[in-house]
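Spelled out from the first residue to the last, the chains are:
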Amino acid sequence: QVQLVESGGGLVQAGGSLRLSCAASGSTFSMYTMGWYRQAPGKQRELVASISRSGNTNYADSVKGRFTVSRDNAKNLVYLQMNSLKPEDTAVYYCNAEITGLGSISWGQGTQVTVSP
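Criteria and thresholds
- Residues numbered from 1 in each chain as written.
- Predicted model: local features only at pLDDT ≥ 70, side-chain atom pairs only at ≥ 80, totals over all residues.
- Heavy atoms only, no water.
- Buried < 20%, exposed > 50% of the residue type's maximum accessible area, 1.4 Å probe, protein only.
- Helix = DSSP H or I, 4+ residues; strand = E, 2+ residues; numbered from the N terminus.
- Pairing = 2+ DSSP bridges.
- Core = buried A, V, L, I, M, F, W, Y, C linked by side-chain atoms within 4.5 Å.
- Contact = heavy atoms within 4.5 Å.

1. What about the pairing of strand E8 (residues 77-82)?
Counting buried residues along E8, five of its six residues qualify, which places the element largely inside the surrounding structure. Note that strand E3 (residues 18-24) and E8 share six bridges and pair antiparallel. By the bridge assignment for E8, Leu20 is matched with Leu80. Where strand E7 (residues 67-72) folds back on E8, the antiparallel hairpin that results is connected by four residues, among which Asn76 adopts a positive phi of roughly 55 degrees.

Next comes the structure, spelled out in structure tokens:
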């Protein structure tokens, strides 16, 4: 089973930037659609951004134009560049691996992002 480990979270002021990274184990990383999800206290987990095997990207409306998802298949890494952060972006951010037709196969442990006003 693929193991996912997120890093890069932290505390930042509104308007600032952070880059999250997710490292995946194994040799089949390029087969996965990778997603970034977030969960704020008292709210459901929601999809923030995803990137397919071919590099097609998808974003939640709330982050379009501010966040960018990318991947490096040679290094088994997926990134989430977050710019112009807002307090409402505060949440635990999770990395997810999915296989088309099978669904989600693995989640990371999450990394906290806190945006102060």
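2. What to know about the nonpolar core
One finds Met34, Trp36, Val78, Leu80, Met82 and Tyr93 to be the most contacted residues of the largest nonpolar core, which totals 30 residues. Discounting residues that sit within four places of it in the chain, Leu80 has contacts with Leu18, Arg19, Leu20, Trp36, Val48, Ala49, Phe67, Thr68, Val69 and Tyr93.

3. Some remarks on unusual backbone geometry
The phi torsion of most residues other than glycine is negative, and most of the peptide bonds are trans. You will see that Asn76, though not glycine, has its phi angle at about 55 degrees, which is positive. By relative accessible area, which is 13% here, Asn76 ends up buried. For Ser84, which is not glycine, the phi torsion reads 50 degrees and is therefore positive. Examined against the element boundaries, Ser84 turns out to sit in the loop between E8 and strand E9 (91-99).

In short, geometric facts, not functional conclusions.
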